[in-house]
Amino acid sequence: MSLTDREREVVALLRRDPLIGSEAIARELGTTRAAVNVHLSNLGKKGVILGRGYVLSEQQSVVVVGGANLDVKARSRRAVVSGTSNPGTATMSAGGVGRNIAENLARLGTRTHLVAAIGSDGPGDQVLAATSAAGVHVEHVRRSARSTGTYTAVLDVDGELLVAVSDMAATDELDSDHVAAARDLVAAASLVVLDGNLATATLDFALDLAARVGARVVLEPVSVPKAAALAPLLVADRPVHVVTPNRDELAALTDLPTRTQRQVERAVAALHRRGVELVWVRLGSGGSLLSGPAGTTTLDAVPTEVVDVTGAGDAMLAAFCHALLGGAAPAAAATYGHAAAALTIASPHTVRPDLTERLVRSTHA
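Keep in mind the model is a prediction, meaning the values are calculated, not measured.

Enquirer: So what exactly am I meant to see when it comes to the pairing of strand β6 (residues 111-119) here?
Expert: Of all the 9 residues making up β6, 9 are buried; the element is thus mostly covered by neighbouring parts of the structure. Across 6 bridges, β6 lies against strand β7 (residues 137-144) in parallel orientation. Within the sheet, the bridge partner assigned to Ala-117 lies in β7 and is Arg-142. In terms of handedness, the path from β6 via helix α5 (residues 122-133) over to β7 forms a crossover that is right-handed.

Given below as structure tokens:
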């Protein structure tokens, strides 16, 4: 959704004076109050303003571009025996890396827009309804002719992931035209989060768009194959604000070994040379390593009971972004992210429905 010339003039006046009334805008533009009210209504529908006195570009907001699908989680009641049937339970819920990050952000109180693709089917209806109900703005979620994607995870009795199968056919259809339609939201966003599940060409376009409009990008590599595919996209003349790999994804991004601490630091330095400002390496139970202009910080994981590890990384990244937008230093934001991850691991839900800033702060303290 692009803005008309008149809408851009209205936004410029609102930025100059957020409390200006429609009558004053009409005088400034030489038009009628009724016409201005129509423009304001359209800007609200496009997500550019929240209402009188709230211009989106002046708010802390995030645009997430990425996968949205239906999660199917099967958990064994006892230690899994391979090659045979295992008794257990199965659940279905809205999922997808990008969508999960967006829901976590919205539940923490950050205004969040999701750019994604789902099928025009029953599962798509379920995903869209759950995402909207969580507070995410879904006007840019495209309905595809393909089936809604699925992520099927098999968990052992202790909640650890044994294997997962991802079908992202609808997400694969999310192309540059769809991202371009959200240009104004991207331009106004405080952060843009890109999910490595996107097609390489779409990621390339999204990175170019963010660079053109001056938006700060947070890139989640998602997996080793996805990290290897997006590695050529990280170039020094197109800076990225944050990249969040685990140890193996870091190796794929840099084509360098990452088994030892020294090797990790060398690989991180290679990403810095390619224009990445902050590199946050997830080390699982070993915590994480955050590297940036202020130096390198090693952070411990927050001890917790493991109920289900699914979605912990998504919560961690969302909480990190939320804290950054709240003014936290990167290391403090990463610590906040660890607290959100611990809360998610201790829950049977991929995204905790009771997640709030107050809850995370209580764990963080």
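Enquirer: Looking at this model, I keep getting lost on the nonpolar core. Mind explaining?
Expert: Note that soluble globular proteins tend to have their nonpolar side chains buried in a common cluster. One finds Val-64, Ile-101, Val-193, Phe-320 and Val-360 to be the most contacted residues of the largest nonpolar core, which totals 47 residues. Every element with two or more residues in this core is listed here: β3 (61-65), α4 (97-108), β6, β7, β10 (191-195), β13 (276-282), α13 (312-325) and α14 (330-345). If you tally residues by element for this core, the top one is α13, at 11 residues. Residues contacting Val-360, with those up to four places away along its chain left out, are Leu-108, Tyr-336, Ala-339, Ala-340, Leu-343 and Leu-355.

Enquirer: So what exactly am I meant to see when it comes to the pairing of β10 here?
Expert: Look at any regular strand and the pattern is simple: side chains alternate between the two faces of the sheet. For β10, the tally of buried residues reaches 5 of 5 residues, placing the bulk of the element in the interior. Neither face of β10 is exposed, since Leu-191, Val-193 and Asp-195 on one face and Val-192 and Leu-194 on the opposite face are all buried. Two strands pair when backbone bridges link them, and β10 and strand β11 (residues 217-220) are joined in this way by 4 bridges, in the parallel orientation. Looking across to β11, one finds that Asp-195 is bridged to Glu-220. Regarding topology, helix α9 (residues 200-213) serves as the crossover connection from β10 to the parallel β11, and that connection is right-handed.

Enquirer: Can you help me understand the environment of Val-279 in this one?
Expert: Within the secondary structure, Val-279 sits in strand β13. A sequence separation of 138 residues divides Val-279 from Val-141, and the C-alpha atoms of the two residues are 29 Å apart. Leave out the neighbours within four places in its chain, and Val-279 touches Val-243, Pro-245, Val-268, Leu-271, His-272, Leu-289, Leu-290 and Ser-291.

Enquirer: How should I be thinking about the sheet that holds β13 in this particular structure?
Expert: Across a sheet, strands are paired by hydrogen bonds formed along the backbone, either parallel or antiparallel in direction. With mixed pairing, 9 strands are arranged side by side in an open sheet as β7-β6-β3-β10-β11-β12-β13-β14-β15. On the outer flanks of this sheet lie β7 and β15 (295-299), each paired with one strand and no other. Across the sheet, the mean angle from the axis of one strand to that of its neighbour is 15°, orientation sign disregarded. Against the sheet, helix α12 (residues 261-273) contacts β13, β14 (288-292) and β15, and its axis sits at roughly 150° relative to β13.

Enquirer: Explanation requested: the sheet that holds strand β5 (residues 88-95) in the structure shown.
Expert: If you trace the 4 strands from one edge of the open sheet to the other, you get β5-β4-β8-β9, paired in mixed fashion. The open sheet has two edge strands, β5 and β9 (161-167), and neither has a second partner. Put simply, the sheet's adjacent strands are angled 15° from each other on average, direction ignored. Strand direction decides the pairing type here: strand β4 (residues 69-76) and β5, joined by 8 bridges, are antiparallel. Looking at β5, one finds that Asn-69 is bridged to Gly-95.

Enquirer: Would you explain α14 in this entry?
Expert: Residues lying three or four places apart along an α-helix face the same way, a consequence of the helix completing one turn every 3.6 residues. For α14, spanning 16 residues, the distance from its first C-alpha to its last is 22 Å, which sits close to the expected 22 Å at 1.5 Å a residue. By the criterion of burial, α14 is predominantly enclosed, with 12 of the 16 residues buried. All of the buried residues in α14 are Ala-333, Ala-334, Tyr-336, Gly-337, His-338, Ala-339, Ala-340, Ala-341, Ala-342, Leu-343, Thr-344 and Ile-345.

Enquirer: Explanation requested: the pattern of salt bridges in the structure shown.
Expert: Using the criterion set out here, one finds 14 salt bridges in the structure. Put simply, Glu-9 and Arg-6 hold a salt bridge, and the shortest N to O gap is 2.7 Å. With Glu-9 and Arg-6 both in helix α1 (residues 5-16) and 3 residues apart, the pair spans about one turn of that helix. The exposure class of Glu-9 is partly exposed, given its relative accessible area of 35%. The partner of Asp-308 in a salt bridge is Lys-73, with the nearest N and O atoms 2.6 Å apart. Of this pair, Asp-308 sits in the loop between β15 and α13 while Lys-73 sits in strand β4, and the two are 235 residues apart along the sequence.

Rules used in this analysis
- Residues numbered from 1 in each chain as written.
- Predicted model: local features only at pLDDT ≥ 70, side-chain atom pairs only at ≥ 80, totals over all residues.
- Heavy atoms only, no water.
- Buried < 20%, exposed > 50% of the residue type's maximum accessible area, 1.4 Å probe, protein only.
- Helix = DSSP H or I, 4+ residues; strand = E, 2+ residues; numbered from the N terminus.
- Pairing = 2+ DSSP bridges.
- Right-handed = clockwise from strand over helix to strand, strands pointing away.
- Core = buried A, V, L, I, M, F, W, Y, C linked by side-chain atoms within 4.5 Å.
- Contact = heavy atoms within 4.5 Å.
- Axes fitted to C-alpha atoms, helices over the stretch in contact; angles between N-to-C directions.
- Expected span 1.5 Å × (residues − 1).
- Salt bridge = Lys/Arg side-chain N within 4 Å of Asp/Glu carboxyl O.

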